[in-house]
Amino acid sequence: MKRSFMPTIKSKEELDAIQLSGLKWTVNHAYRGSAFYRERFNDAGIKPDDIKSLDDLKRLPFVTAEDLQDNYPWPLISVPFEKIVRMHASSGTTGKRKVMVYTAKDVDDWADMFARCYEMAGLTKEDRVQICVGYGVWTAGAGFQLGCERFGAFAIPAGPGNIDMQLQFLVDFQTTVICSTASMALLLAEEVDRRGLKNKINVKKVIFGAERSSDAITRKIKNLLGAEHAFDIPGLTELYGPGTGLDCIHHTGIHYWADYYIMELLDPETLEPVPEGEVGEMVYTTLRKEGTPLIRYRSRDLTRSIPGRCQCGSFLPRHDKILGRSDDMFIIRGVNIYPSHIDEILSRQAEISSEYQIYLNRGDDGKDYMTITVEREKKNDPKGDETLAMKIERDIRKEMLVSGKVDIVDYQSLPRTAKKTRRLFDNRD
Ligand code: ZN
(Lines give C-alpha, C1' and ligand atoms only; values in the text may rest on other atoms or scores of the structure.)
Protein backbone atom coordinates (compact mmCIF):
# COMPACT_ATOMS: atom_id res chain seq x y z
CA MET A 1 0.00 0.00 0.00
CA LYS A 2 1.13 3.53 -0.76
CA ARG A 3 2.48 5.24 2.33
CA SER A 4 0.94 8.62 3.14
CA PHE A 5 2.77 11.33 5.06
CA MET A 6 -0.39 13.33 5.68
CA PRO A 7 -1.74 13.49 9.23
CA THR A 8 -5.11 11.90 9.91
CA ILE A 9 -6.36 14.90 11.92
CA LYS A 10 -10.10 15.33 11.50
CA SER A 11 -11.01 18.00 14.02
CA LYS A 12 -9.70 21.06 15.79
CA GLU A 13 -9.93 19.19 19.12
CA GLU A 14 -7.65 16.48 17.77
CA LEU A 15 -5.09 19.03 16.56
CA ASP A 16 -5.28 20.94 19.87
CA ALA A 17 -4.61 17.73 21.80
CA ILE A 18 -1.52 16.98 19.67
CA GLN A 19 -0.28 20.54 20.16
CA LEU A 20 -0.84 20.56 23.92
CA SER A 21 0.97 17.30 24.51
CA GLY A 22 3.80 18.46 22.22
CA LEU A 23 4.02 21.80 24.02
CA LYS A 24 4.18 20.13 27.44
CA TRP A 25 6.82 17.71 26.22
CA THR A 26 8.91 20.50 24.65
CA VAL A 27 8.85 22.78 27.70
CA ASN A 28 9.82 19.86 29.95
CA HIS A 29 12.54 18.70 27.60
CA ALA A 30 14.02 22.21 27.19
CA TYR A 31 13.86 22.91 30.92
CA ARG A 32 15.70 19.72 31.76
CA GLY A 33 18.18 19.74 28.88
CA SER A 34 19.10 23.38 28.26
CA ALA A 35 20.73 25.79 30.71
CA PHE A 36 19.59 28.66 28.48
CA TYR A 37 15.89 27.75 28.61
CA ARG A 38 16.04 26.84 32.32
CA GLU A 39 17.42 30.27 33.16
CA ARG A 40 14.83 32.02 30.98
CA PHE A 41 11.95 30.10 32.54
CA ASN A 42 13.29 30.69 36.05
CA ASP A 43 13.58 34.43 35.31
CA ALA A 44 9.98 34.41 34.12
CA GLY A 45 8.90 32.40 37.17
CA ILE A 46 7.64 29.48 35.11
CA LYS A 47 7.94 25.77 35.80
CA PRO A 48 7.13 23.13 33.18
CA ASP A 49 4.14 21.96 35.26
CA ASP A 50 2.56 25.40 34.85
CA ILE A 51 1.75 24.57 31.20
CA LYS A 52 -1.76 23.15 31.44
CA SER A 53 -3.44 24.49 28.31
CA LEU A 54 -2.45 25.88 24.91
CA ASP A 55 -3.31 29.30 26.28
CA ASP A 56 -0.37 29.01 28.68
CA LEU A 57 1.95 29.31 25.68
CA LYS A 58 1.68 33.08 25.94
CA ARG A 59 3.22 33.02 29.42
CA LEU A 60 6.49 31.73 28.01
CA PRO A 61 9.33 34.14 27.20
CA PHE A 62 10.42 34.79 23.60
CA VAL A 63 13.63 33.65 21.94
CA THR A 64 15.23 35.93 19.35
CA ALA A 65 17.90 35.66 16.66
CA GLU A 66 20.20 37.61 19.00
CA ASP A 67 19.82 34.87 21.62
CA LEU A 68 21.04 32.34 19.05
CA GLN A 69 24.00 34.50 18.12
CA ASP A 70 24.90 35.32 21.73
CA ASN A 71 25.02 31.61 22.55
CA TYR A 72 27.07 30.67 19.48
CA PRO A 73 28.14 28.01 18.58
CA TRP A 74 25.52 25.74 20.23
CA PRO A 75 22.47 27.82 21.14
CA LEU A 76 19.34 26.12 22.52
CA ILE A 77 21.06 22.73 22.59
CA SER A 78 18.91 20.50 24.82
CA VAL A 79 20.47 17.04 24.53
CA PRO A 80 23.94 15.62 25.28
CA PHE A 81 26.34 15.67 22.32
CA GLU A 82 26.31 11.90 21.99
CA LYS A 83 22.70 12.18 20.76
CA ILE A 84 23.53 14.74 18.04
CA VAL A 85 24.02 13.35 14.54
CA ARG A 86 24.13 16.51 12.43
CA MET A 87 24.31 20.29 12.35
CA HIS A 88 23.13 22.93 9.92
CA ALA A 89 23.60 26.68 9.95
CA SER A 90 22.11 29.73 8.29
CA SER A 91 24.25 31.44 5.69
CA GLY A 92 24.91 34.20 8.22
CA THR A 93 25.16 37.29 6.08
CA THR A 94 25.26 39.50 9.15
CA GLY A 95 26.94 38.56 12.40
CA LYS A 96 27.44 34.99 13.43
CA ARG A 97 25.71 32.03 11.85
CA LYS A 98 22.74 30.48 13.59
CA VAL A 99 23.75 26.90 14.28
CA MET A 100 21.12 24.22 14.85
CA VAL A 101 21.79 20.60 15.83
CA TYR A 102 19.71 17.52 15.02
CA THR A 103 19.23 14.18 16.72
CA ALA A 104 18.51 11.07 14.62
CA LYS A 105 14.81 11.53 15.44
CA ASP A 106 14.92 15.19 14.33
CA VAL A 107 16.36 14.15 10.95
CA ASP A 108 13.71 11.44 10.68
CA ASP A 109 10.89 13.87 11.50
CA TRP A 110 12.26 16.39 9.00
CA ALA A 111 12.31 13.70 6.28
CA ASP A 112 8.65 12.87 7.00
CA MET A 113 7.68 16.54 6.97
CA PHE A 114 9.46 17.14 3.69
CA ALA A 115 8.03 13.99 2.12
CA ARG A 116 4.63 15.43 3.02
CA CYS A 117 5.49 18.49 0.88
CA TYR A 118 6.11 16.33 -2.17
CA GLU A 119 2.88 14.45 -1.46
CA MET A 120 0.99 17.74 -1.09
CA ALA A 121 2.37 18.84 -4.48
CA GLY A 122 0.94 15.67 -6.00
CA LEU A 123 4.22 13.99 -6.92
CA THR A 124 4.46 10.25 -7.46
CA LYS A 125 7.41 7.89 -7.20
CA GLU A 126 7.74 8.22 -10.99
CA ASP A 127 8.72 11.88 -10.67
CA ARG A 128 12.27 13.00 -11.39
CA VAL A 129 13.21 15.84 -9.11
CA GLN A 130 16.06 18.14 -10.12
CA ILE A 131 17.27 19.77 -6.93
CA CYS A 132 18.98 23.02 -7.94
CA VAL A 133 19.69 24.46 -4.50
CA GLY A 134 22.87 24.68 -2.46
CA TYR A 135 24.22 21.54 -0.80
CA GLY A 136 26.36 22.37 2.19
CA VAL A 137 26.09 23.51 5.75
CA TRP A 138 22.76 25.22 5.08
CA THR A 139 19.53 23.27 5.10
CA ALA A 140 18.37 23.59 1.48
CA GLY A 141 20.11 20.79 -0.43
CA ALA A 142 20.07 18.36 2.49
CA GLY A 143 16.35 18.97 3.11
CA PHE A 144 15.12 18.63 -0.49
CA GLN A 145 17.25 15.50 -0.92
CA LEU A 146 16.18 13.88 2.35
CA GLY A 147 12.49 14.49 1.63
CA CYS A 148 12.74 13.24 -1.94
CA GLU A 149 14.34 9.98 -0.88
CA ARG A 150 11.90 9.48 1.99
CA PHE A 151 9.01 10.10 -0.41
CA GLY A 152 10.51 7.71 -2.91
CA ALA A 153 10.81 9.93 -6.00
CA PHE A 154 13.98 10.09 -8.09
CA ALA A 155 16.41 12.79 -6.94
CA ILE A 156 18.83 14.55 -9.28
CA PRO A 157 21.13 16.46 -6.91
CA ALA A 158 22.17 19.13 -9.42
CA GLY A 159 23.04 21.89 -6.96
CA PRO A 160 22.74 25.59 -7.83
CA GLY A 161 24.21 27.50 -10.80
CA ASN A 162 25.87 25.84 -13.81
CA ILE A 163 23.08 26.66 -16.26
CA ASP A 164 24.47 24.61 -19.17
CA MET A 165 24.55 21.47 -17.05
CA GLN A 166 21.08 22.16 -15.63
CA LEU A 167 19.60 22.51 -19.12
CA GLN A 168 21.32 19.35 -20.28
CA PHE A 169 19.85 17.47 -17.30
CA LEU A 170 16.37 18.85 -18.06
CA VAL A 171 16.59 17.51 -21.61
CA ASP A 172 18.56 14.28 -21.09
CA PHE A 173 17.00 13.10 -17.81
CA GLN A 174 13.48 14.41 -18.60
CA THR A 175 13.19 16.09 -15.22
CA THR A 176 9.55 16.54 -14.15
CA VAL A 177 10.05 18.70 -11.05
CA ILE A 178 12.48 21.58 -10.47
CA CYS A 179 13.30 22.68 -6.92
CA SER A 180 15.13 26.00 -6.74
CA THR A 181 14.96 29.61 -5.69
CA ALA A 182 12.57 31.70 -7.77
CA SER A 183 15.60 33.61 -9.13
CA MET A 184 17.24 30.40 -10.31
CA ALA A 185 14.01 29.13 -11.87
CA LEU A 186 13.64 32.41 -13.77
CA LEU A 187 17.20 32.13 -15.00
CA LEU A 188 16.55 28.56 -16.20
CA ALA A 189 13.19 29.44 -17.75
CA GLU A 190 14.59 32.39 -19.72
CA GLU A 191 17.46 30.24 -20.96
CA VAL A 192 15.07 27.44 -21.99
CA ASP A 193 13.16 30.08 -23.94
CA ARG A 194 16.26 31.64 -25.52
CA ARG A 195 17.59 28.27 -26.68
CA GLY A 196 14.18 27.06 -27.85
CA LEU A 197 14.17 23.99 -25.58
CA LYS A 198 10.58 24.15 -24.34
CA ASN A 199 9.45 21.22 -26.50
CA LYS A 200 12.42 19.07 -25.50
CA ILE A 201 11.85 19.25 -21.74
CA ASN A 202 9.18 17.67 -19.53
CA VAL A 203 8.88 19.94 -16.47
CA LYS A 204 5.44 19.71 -14.83
CA LYS A 205 6.07 21.35 -11.48
CA VAL A 206 8.37 23.88 -9.90
CA ILE A 207 8.92 24.17 -6.15
CA PHE A 208 10.35 27.51 -5.02
CA GLY A 209 12.21 27.93 -1.79
CA ALA A 210 14.36 30.44 0.07
CA GLU A 211 12.97 33.70 -1.28
CA ARG A 212 9.73 35.48 -1.86
CA SER A 213 8.34 34.94 -5.38
CA SER A 214 5.95 37.43 -6.91
CA ASP A 215 2.93 36.35 -8.95
CA ALA A 216 4.58 37.87 -12.05
CA ILE A 217 7.72 35.74 -11.69
CA THR A 218 5.66 32.61 -11.02
CA ARG A 219 3.49 33.17 -14.11
CA LYS A 220 6.49 33.83 -16.28
CA ILE A 221 8.41 30.75 -15.14
CA LYS A 222 5.40 28.49 -15.64
CA ASN A 223 4.81 29.87 -19.14
CA LEU A 224 8.39 29.64 -20.33
CA LEU A 225 8.86 26.10 -18.97
CA GLY A 226 5.38 24.86 -19.85
CA ALA A 227 4.89 23.77 -16.21
CA GLU A 228 1.44 23.19 -14.70
CA HIS A 229 2.11 24.18 -11.11
CA ALA A 230 4.47 26.31 -9.05
CA PHE A 231 4.57 25.78 -5.30
CA ASP A 232 6.01 27.88 -2.51
CA ILE A 233 7.98 26.13 0.19
CA PRO A 234 8.78 28.05 3.37
CA GLY A 235 12.15 27.30 4.91
CA LEU A 236 13.72 28.47 8.12
CA THR A 237 16.97 26.94 9.32
CA GLU A 238 15.91 27.40 12.94
CA LEU A 239 12.78 25.33 12.24
CA TYR A 240 14.49 22.22 10.76
CA GLY A 241 14.87 23.95 7.34
CA PRO A 242 12.63 23.92 4.25
CA GLY A 243 9.79 21.41 4.19
CA THR A 244 7.57 22.62 7.03
CA GLY A 245 4.63 23.51 4.77
CA LEU A 246 3.50 23.87 1.13
CA ASP A 247 0.57 25.18 -0.87
CA CYS A 248 -1.61 22.43 -2.34
CA ILE A 249 -2.63 22.23 -6.02
CA HIS A 250 -5.43 24.76 -5.39
CA HIS A 251 -2.81 27.40 -4.42
CA THR A 252 -4.96 29.06 -1.79
CA GLY A 253 -2.13 29.60 0.69
CA ILE A 254 0.56 27.50 2.34
CA HIS A 255 -0.69 24.59 4.44
CA TYR A 256 1.66 24.28 7.38
CA TRP A 257 2.45 21.27 9.50
CA ALA A 258 0.69 22.31 12.70
CA ASP A 259 1.17 18.83 14.14
CA TYR A 260 4.92 19.55 14.27
CA TYR A 261 4.91 23.18 15.38
CA ILE A 262 2.70 25.98 16.60
CA MET A 263 2.81 29.23 14.66
CA GLU A 264 1.68 32.39 16.38
CA LEU A 265 1.18 35.58 14.36
CA LEU A 266 2.04 38.55 16.56
CA ASP A 267 2.26 42.28 16.16
CA PRO A 268 6.06 42.90 16.13
CA GLU A 269 5.65 46.00 18.29
CA THR A 270 3.17 44.91 20.96
CA LEU A 271 3.86 41.14 20.70
CA GLU A 272 0.11 40.54 20.99
CA PRO A 273 -1.74 38.29 18.49
CA VAL A 274 -2.93 40.12 15.36
CA PRO A 275 -6.61 39.79 14.39
CA GLU A 276 -7.28 36.90 11.99
CA GLY A 277 -6.23 37.76 8.43
CA GLU A 278 -3.92 40.64 9.41
CA VAL A 279 -0.17 40.67 8.89
CA GLY A 280 1.94 39.56 11.85
CA GLU A 281 5.36 38.17 12.72
CA MET A 282 5.62 34.38 12.59
CA VAL A 283 6.62 33.08 16.01
CA TYR A 284 7.43 29.37 16.25
CA THR A 285 7.17 26.75 18.97
CA THR A 286 8.21 23.23 18.00
CA LEU A 287 6.35 20.19 19.35
CA ARG A 288 8.82 17.33 18.84
CA LYS A 289 12.26 18.81 18.18
CA GLU A 290 14.95 17.33 20.43
CA GLY A 291 18.30 18.87 19.46
CA THR A 292 17.43 22.56 19.41
CA PRO A 293 13.75 23.00 20.30
CA LEU A 294 12.17 26.38 19.59
CA ILE A 295 9.92 28.00 22.15
CA ARG A 296 8.29 31.22 20.94
CA TYR A 297 11.09 31.91 18.47
CA ARG A 298 10.65 35.29 16.76
CA SER A 299 11.46 34.70 13.09
CA ARG A 300 10.96 38.31 11.87
CA ASP A 301 9.12 36.85 8.87
CA LEU A 302 5.74 38.36 8.19
CA THR A 303 2.58 36.76 6.87
CA ARG A 304 -1.16 36.54 7.49
CA SER A 305 -3.33 33.55 8.30
CA ILE A 306 -5.91 32.38 5.79
CA PRO A 307 -9.23 31.61 7.48
CA GLY A 308 -11.54 28.71 6.65
CA ARG A 309 -10.95 25.31 5.11
CA CYS A 310 -9.23 24.74 1.78
CA GLN A 311 -11.16 22.97 -0.97
CA CYS A 312 -8.57 20.17 -0.88
CA GLY A 313 -10.18 19.12 2.41
CA SER A 314 -6.96 19.15 4.43
CA PHE A 315 -7.35 20.08 8.07
CA LEU A 316 -3.88 21.63 8.08
CA PRO A 317 -4.17 25.41 8.60
CA ARG A 318 -2.92 27.89 6.00
CA HIS A 319 -0.85 31.03 5.96
CA ASP A 320 -0.13 33.38 3.07
CA LYS A 321 3.27 33.57 1.36
CA ILE A 322 6.00 35.18 3.38
CA LEU A 323 5.19 38.83 2.77
CA GLY A 324 8.61 40.09 3.83
CA ARG A 325 10.65 40.46 6.98
CA SER A 326 9.99 42.98 9.67
CA ASP A 327 13.65 44.02 9.06
CA ASP A 328 12.92 44.60 5.32
CA MET A 329 10.22 47.11 6.01
CA PHE A 330 11.35 50.62 5.17
CA ILE A 331 9.84 53.94 6.05
CA ILE A 332 9.61 56.66 3.46
CA ARG A 333 8.04 60.01 4.30
CA GLY A 334 6.43 58.49 7.34
CA VAL A 335 4.81 55.58 5.49
CA ASN A 336 5.69 51.96 6.33
CA ILE A 337 6.41 50.03 3.14
CA TYR A 338 6.92 46.29 2.67
CA PRO A 339 8.74 45.41 -0.57
CA SER A 340 6.12 42.68 -1.10
CA HIS A 341 3.47 45.37 -1.60
CA ILE A 342 5.51 46.86 -4.47
CA ASP A 343 5.86 43.30 -5.84
CA GLU A 344 2.12 42.96 -5.79
CA ILE A 345 1.48 46.21 -7.69
CA LEU A 346 4.16 45.50 -10.30
CA SER A 347 2.93 41.93 -10.76
CA ARG A 348 -0.36 43.25 -12.10
CA GLN A 349 1.26 45.29 -14.90
CA ALA A 350 1.20 43.30 -18.12
CA GLU A 351 3.66 45.50 -20.04
CA ILE A 352 6.67 44.96 -17.79
CA SER A 353 8.87 41.96 -17.05
CA SER A 354 9.19 40.47 -13.57
CA GLU A 355 12.49 42.08 -12.54
CA TYR A 356 12.73 45.39 -10.70
CA GLN A 357 14.88 47.36 -8.28
CA ILE A 358 13.90 49.88 -5.62
CA TYR A 359 16.24 52.78 -4.83
CA LEU A 360 15.82 55.06 -1.83
CA ASN A 361 17.74 58.35 -1.85
CA ARG A 362 17.80 61.50 0.22
CA GLY A 363 17.54 64.67 -1.89
CA ASP A 364 19.31 68.00 -1.33
CA ASP A 365 16.04 69.25 0.10
CA GLY A 366 16.39 66.66 2.90
CA LYS A 367 13.37 64.68 1.69
CA ASP A 368 13.36 60.97 0.82
CA TYR A 369 12.83 59.87 -2.76
CA MET A 370 11.93 56.42 -4.07
CA THR A 371 12.79 55.32 -7.60
CA ILE A 372 11.65 51.98 -8.99
CA THR A 373 13.44 50.62 -12.02
CA VAL A 374 11.46 48.06 -14.00
CA GLU A 375 12.15 46.19 -17.22
CA ARG A 376 10.01 46.66 -20.29
CA GLU A 377 8.47 43.36 -21.47
CA LYS A 378 10.50 41.71 -24.24
CA LYS A 379 8.25 42.46 -27.21
CA ASN A 380 7.22 46.01 -26.27
CA ASP A 381 8.15 49.28 -27.96
CA PRO A 382 10.17 51.81 -25.88
CA LYS A 383 7.86 54.52 -27.28
CA GLY A 384 5.25 53.47 -24.72
CA ASP A 385 7.61 53.90 -21.74
CA GLU A 386 6.39 57.30 -20.62
CA THR A 387 2.70 56.41 -20.53
CA LEU A 388 3.49 53.11 -18.80
CA ALA A 389 5.69 54.74 -16.16
CA MET A 390 2.95 57.27 -15.41
CA LYS A 391 0.37 54.52 -15.00
CA ILE A 392 2.54 52.58 -12.54
CA GLU A 393 3.38 55.77 -10.63
CA ARG A 394 -0.35 56.45 -10.32
CA ASP A 395 -1.05 52.93 -8.99
CA ILE A 396 1.74 53.24 -6.42
CA ARG A 397 0.52 56.63 -5.25
CA LYS A 398 -3.05 55.39 -4.96
CA GLU A 399 -2.31 52.14 -3.12
CA MET A 400 0.74 52.95 -1.03
CA LEU A 401 -0.05 56.60 -0.28
CA VAL A 402 3.48 57.62 -1.19
CA SER A 403 4.90 58.73 -4.53
CA GLY A 404 7.72 57.11 -6.39
CA LYS A 405 9.37 57.67 -9.74
CA VAL A 406 9.30 54.78 -12.20
CA ASP A 407 12.12 54.26 -14.73
CA ILE A 408 11.63 51.76 -17.52
CA VAL A 409 14.73 50.00 -18.84
CA ASP A 410 15.39 47.40 -21.54
CA TYR A 411 14.37 43.76 -21.08
CA GLN A 412 17.08 41.73 -19.30
CA SER A 413 19.13 44.80 -18.39
CA LEU A 414 18.70 44.18 -14.66
CA PRO A 415 20.94 41.46 -13.19
CA ARG A 416 19.83 37.83 -12.98
CA THR A 417 21.30 35.57 -10.33
CA ALA A 418 21.15 31.93 -9.33
CA LYS A 419 21.03 32.99 -5.69
CA LYS A 420 18.64 35.33 -3.91
CA THR A 421 18.17 38.54 -5.86
CA ARG A 422 18.75 41.85 -4.09
CA ARG A 423 16.09 44.34 -5.12
CA LEU A 424 16.16 47.06 -2.47
CA PHE A 425 18.96 49.65 -2.35
CA ASP A 426 18.63 52.11 0.50
CA ASN A 427 21.17 54.89 -0.11
CA ARG A 428 19.97 57.18 2.64
CA ASP A 429 22.37 57.78 5.56
ZN1 ZN B 1 -5.44 22.81 0.17
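Worth saying up front: this structure is predicted, and the values here are computed from it rather than measured. (Residues numbered from 1 in each chain as written. Predicted model: local features only at pLDDT ≥ 70, side-chain atom pairs only at ≥ 80, totals over all residues. Heavy atoms only, no water.)

1. With respect to empty space enclosed by the protein
Over the atoms a probe the size of a water molecule is rolled, and this reveals where empty space is left.
Part 1: Scanning the entire structure with this criterion turns up one cavity of 30 Å³ or more.
Part 2: In this model, the largest cavity occupies a volume close to 50 Å³.
Part 3: Of all the secondary structure elements, the ones that give two or more residues to the lining of the largest cavity are α9 (339–347) and β20 (352–362).
Part 4: A per-class count over the lining of the largest cavity returns five nonpolar, four polar and two charged. (1 Å grid on protein atoms, 1.4 Å probe; cavity = no way out; pocket = protein on both sides within 12 Å on 5 of 7 lines; lining within 4 Å. Points joined across faces, edges and corners; volume = space filled by probe spheres on them. Helix = DSSP H or I, 4+ residues; strand = E, 2+ residues; numbered from the N terminus. Nonpolar A, V, L, I, M, F, W, Y, C, P; charged D, E, K, R; others polar.)

2. Focus on a nonpolar patch on the surface
Part 1: Together, Trp74, Phe81, Met87, Val137 and Trp138 line one region of the surface with nonpolar side chains, adding up to about 440 Å² of accessible area.
Part 2: Examined against the element boundaries, tryptophan 74 turns out to sit in the loop between α3 (65–70) and β1 (84–89).
Part 3: The class for tryptophan 74 is partly exposed, based on a relative accessible area of 36%. (Patch = residues over 30% accessible without salt bridge, like charges linked within 9 Å, V, L, I, M, F, W, Y side chains within 5 Å. Areas by Shrake-Rupley, 256 points an atom, 1.4 Å probe, with all protein chains shown as cover. Salt bridge = Lys/Arg side-chain N within 4 Å of Asp/Glu carboxyl O. Buried < 20%, exposed > 50% of the residue type's maximum accessible area, 1.4 Å probe, protein only.)

3. Overview of the layout of surface pockets
Part 1: Considered as a void within the structure, the second largest pocket measures approximately 1000 Å³ in volume.
Part 2: Lining the second largest pocket are 35 residues, with Lys12, Gln19, Tyr256, Ile262 and Met263 sitting closest to its centre.
Part 3: Among the elements of the structure, α1 (12–33), β12 (261–266) and β15 (305–306) are those that each provide at least two residues to the lining of the second largest pocket.
Part 4: For the lining of the second largest pocket, the element with the highest residue contribution is β12, accounting for six residues.
Part 5: A class-by-class count of the residues in the lining of the second largest pocket yields 20 nonpolar, five polar and 10 charged.

4. Points about the packing of aromatic side chains
Part 1: Under the counting rule described, the total for this entry stands at 12 aromatic pairs.
Part 2: Connected via pairs of aromatic rings, a cluster forms that spans Tyr31, Phe36, Tyr37 and Phe41.
Part 3: Residue placement shows lysine 289 over the ring face of tyrosine 102; its charged tip is 5.9 Å from the ring centre.
Part 4: Across the ring face of tyrosine 369, the terminal group of arginine 333 is positioned such that the distance to the ring centre comes to 4.8 Å. (Phe/Tyr/Trp six-rings, centres within 6.5 Å; stacked < 30°, edge-to-face > 60°. Lys NZ or Arg CZ within 6 Å of the ring centre and 35° of its normal.)

5. Some remarks on the nonpolar core
Nonpolar side chains tend to gather and get buried jointly when the protein is soluble and globular.
Part 1: Ranked by size, the top nonpolar core spans 67 residues in total, and within it Leu60, Tyr118, Val129, Phe144 and Ile207 carry the most contacts.
Part 2: Per-element tally for this core: the top contributor is helix α4 (residues 104–120), with nine residues.
Part 3: Each residue touching phenylalanine 144, except ones within four places of it in the same chain, is listed here: Phe114, Tyr118, Ile131, Val133, Cys179, Ile207, Ile233 and Pro242.
Part 4: Counting 24 residues, the second-largest nonpolar core is a separate cluster that includes Leu167, Met184, Ala185 and Leu197. (Core = buried A, V, L, I, M, F, W, Y, C linked by side-chain atoms within 4.5 Å. Contact = heavy atoms within 4.5 Å.)

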